Structure formats: C-alpha cells, structure tokens
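Here are the chains, one letter per residue:
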Amino acid sequence: MKILDLKKYCTFSGNRAVSCSVPEETIEEISSVIRDGGLVVYPTDTIYCIGADIFDEHSLKKVFMAKQRPFDMPISVCVSSRKMAMRIANLNRAARRLMETLMPGPLIILAEKKGDVPDLLTAGSSTVGIRIPDHPLARSLIEACGPITSASANKHAGQDPSAVEQSIKDLGENIDIYIDCGKTLHGRQSTIVDTTDESYPIVRQGPVPEDKIREVLSSL
C-alpha cells in the first residue's frame, strides 16, 4: 500500500480542483499499476473512487472483493472524453446531449454497452454507467490508462468517502495506491439517468437536479 499526497500539484477554487500539474512520471507510475491489474483510489469531483482496468476481469473481481460488494451490483466507469465513452458504449442522442452539456460533472448516464465490456462489470446488464469526472487529476490518469472503474472507495453500503482517509480506513491493504488530493467538491455520489429508456428515468438522485436534466433533454 502506498499513499501519494498530490495536493501540492493542484490548484483549487474552494474544494474544486481546477488544474493539476502532477509530473508525468507520477501519472505513469499510477497508471502502470492499473494496467498491471492493481487497484488505485483516486479523487473525483463527487467522492473518492476505486480505479481498475475495466477489461481485466481479475482486477474487477478484486474491486468487488475489496468493497465486499455483491457481484450482482454493477460498477460504473469513468472516462476522460466522449470519444473514450464511445469505445465502451453506443451513445444515442440523449446520451450525447447530456455529455456535451453536463459533463465533466457529477452525472452518470446509463447507455447500451458494447460487446467487449465484461458482463462482470455490468452484473450481466446490457447497459453500462459512464461519467466524465470534473477533476483534472482524474482525467489525466484516465487519459494515461484508459477507462477505469468508478466504484466508491469504501466498503459496500458504507459512508461516501469525501476524503482519502476514509477510504484508507475502510479498504486498507486491498489497495495498491491511494491518491490524496484533499476533500472532494460534492462529497456525495453522482446523479444517474438512464438514456436507454425514452422516459429517461432518474435512477439515483445526486448533485445534478432532475429539472436540469429534463431541461437539457427537452430540446431533443
């Protein structure tokens, strides 16, 4: 287990990280752990999350085991761009519009997954949850290693981790690297909207209010 304090590389406006100048060699060290099948706890704008290679089923199993999470509960994915999202999901007009308007930000869209996305990740569902975090360090890491899991960095049903110390206490030696970037902006999990259903139901309430989502989708 290794803890990297990277706060000194980030510029904040309140609790929002607006820029990060983490050295390339540090990003490469972290991303290589993920590429090699390890687990990393990283900051987002919502909470701290566990990052693993979404295409490595052994790594995915380690995420479930570290969290003591039932295997019938899907895990969402963080990407750094719409282009990266299109590698793992078929994005309809609603999904594209929400990504263009409300991402990066605290929103997860459910979209039809592509065939190479493991069923283990989605608990056998045909949809996958995708978000672009509003955190420059997270996006730099994802750019370096590709799509990663965005499972909350805590034991299943535990308190949402807004600080890395909470994750360390919960997950301990199950994680290879913990990234400390201070408190997260929102301190709670993202809003989830299902774009595969034409009524676009809100699956989970979060920082993005439903009326904002309805406003964006009203022009489709």
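Residues numbered from 1 in each chain as written. Predicted model: local features only at pLDDT ≥ 70, side-chain atom pairs only at ≥ 80, totals over all residues. Heavy atoms only, no water.

**As for the overall build of the protein**
Next, step 1: A tally of regular secondary structure across the protein gives eight helices and 14 strands.
Next, step 2: Relative to the compact-globule value of 17 Å for 220 residues, the protein shows a C-alpha radius of gyration of 16 Å, a close match.
Next, step 3: In terms of its C-alpha atoms, the protein occupies a principal-axis envelope of roughly 45 × 40 × 30 Å.
Next, step 4: Every one of the 220 residues in the protein was classed for burial, and the buried ones make up 54%.
Next, step 5: Just so you have it, the protein exposes about 9500 Å², and 46% of that area is on carbon and sulfur atoms.
Next, step 6: Between the centroid of the 26 positive side chains of the protein and the centroid of its 29 negative side chains there is a distance of 3 Å. (Helix = DSSP H or I, 4+ residues; strand = E, 2+ residues; numbered from the N terminus. Rg over C-alpha atoms; globule rule 2.2 N^0.38 Å. Buried < 20%, exposed > 50% of the residue type's maximum accessible area, 1.4 Å probe, protein only. Areas by Shrake-Rupley, 256 points an atom, 1.4 Å probe, with all protein chains shown as cover. Lys, Arg positive; Asp, Glu negative; His and termini not counted. Charge placed at Lys NZ, Arg CZ, Asp CG, Glu CD.)

**Observations concerning helix α2 (residues 57-67)**
Next, step 1: Of all the residues in α2, the buried ones are Ser-59, Leu-60, Val-63, Phe-64, Ala-66 and Lys-67. Projection of α2 onto a plane perpendicular to its axis shows the buried side chains occupying an angular sector of 165 degrees, all on one side. Facing away from the buried side of α2 by over 90 degrees, the exposed positions are His-58 and Met-65.
Next, step 2: Residues of α2 that are buried sit in contact with β5 (48-51), α5 (119-122), β10 (148-149), β11 (151-152) and α7 (164-171).
Next, step 3: Here α2 starts with a cap whose side-chain oxygen sits 3.0 Å from the backbone nitrogen of His-58, and that cap is Asp-56.
Next, step 4: Where α2 ends, the next residue or the one after it, Gln-68, has phi of about 55 degrees, a positive value. (Arc of directions from axis to C-beta. Contact = heavy atoms within 4.5 Å. Polar contact = N/O pair within 3.5 Å; in protein donor to acceptor, adjacent residues only side chain to side chain.)

**Thoughts on the sheet that holds β5**
Pairing between sheet strands relies on hydrogen bonds along the backbone, with the strands arranged either parallel or antiparallel.
Next, step 1: Pairing is mixed across the open sheet formed by five strands, whose spatial order is β1-β12-β4-β5-β11. This sheet does not close on itself; its edge strands, each paired only once, are β1 (2-5) and β11.
Next, step 2: Both β5 and β11 contribute to a ladder of two bridges, which runs antiparallel. Its bridge partner being in β11, Cys-49 is matched across the sheet by Ser-152.
Next, step 3: The strands that helix α6 (residues 136-145) touches are β4 (40-43) and β12 (177-180); relative to β4, the one it contacts most, it runs at about 135 degrees. (Pairing = 2+ DSSP bridges. Axes fitted to C-alpha atoms, helices over the stretch in contact; angles between N-to-C directions.)

**Quick notes on the state of the cysteines**
Next, step 1: Within the structure shown, the criterion is met by one disulfide.
Next, step 2: In this model Cys-10 forms its disulfide with Cys-20; the gap between the sulfur atoms is 2.3 Å. Residues Cys-10 and Cys-20 are joined by a disulfide whose S-S torsion is about 100 degrees; by sign, that bridge is right-handed. One end of the pair, Cys-10, is in strand β2 (residues 10-13); the other, Cys-20, is in strand β3 (residues 16-20), with 10 residues separating them in the sequence.
Next, step 3: Cysteine Cys-49 shares no disulfide, and the gap to the nearest cysteine sulfur, in Cys-78, comes to 5.6 Å. (Disulfide = S-S within 2.5 Å.)

**Quick word on the packing of aromatic side chains**
Next, step 1: Tallied over the entire structure, the rule returns one aromatic pair.
Next, step 2: Ring plane angle 25 degrees and centroid distance 4.7 Å describe the contact between Phe-64 and Phe-71, whose orientation is recorded as stacked.
Next, step 3: Classification of Phe-64 by relative accessible area gives buried; the value is 1%.
Next, step 4: Residue Phe-71 is classed as partly exposed on the basis of its relative accessible area of 44%. (Phe/Tyr/Trp six-rings, centres within 6.5 Å; stacked < 30°, edge-to-face > 60°.)

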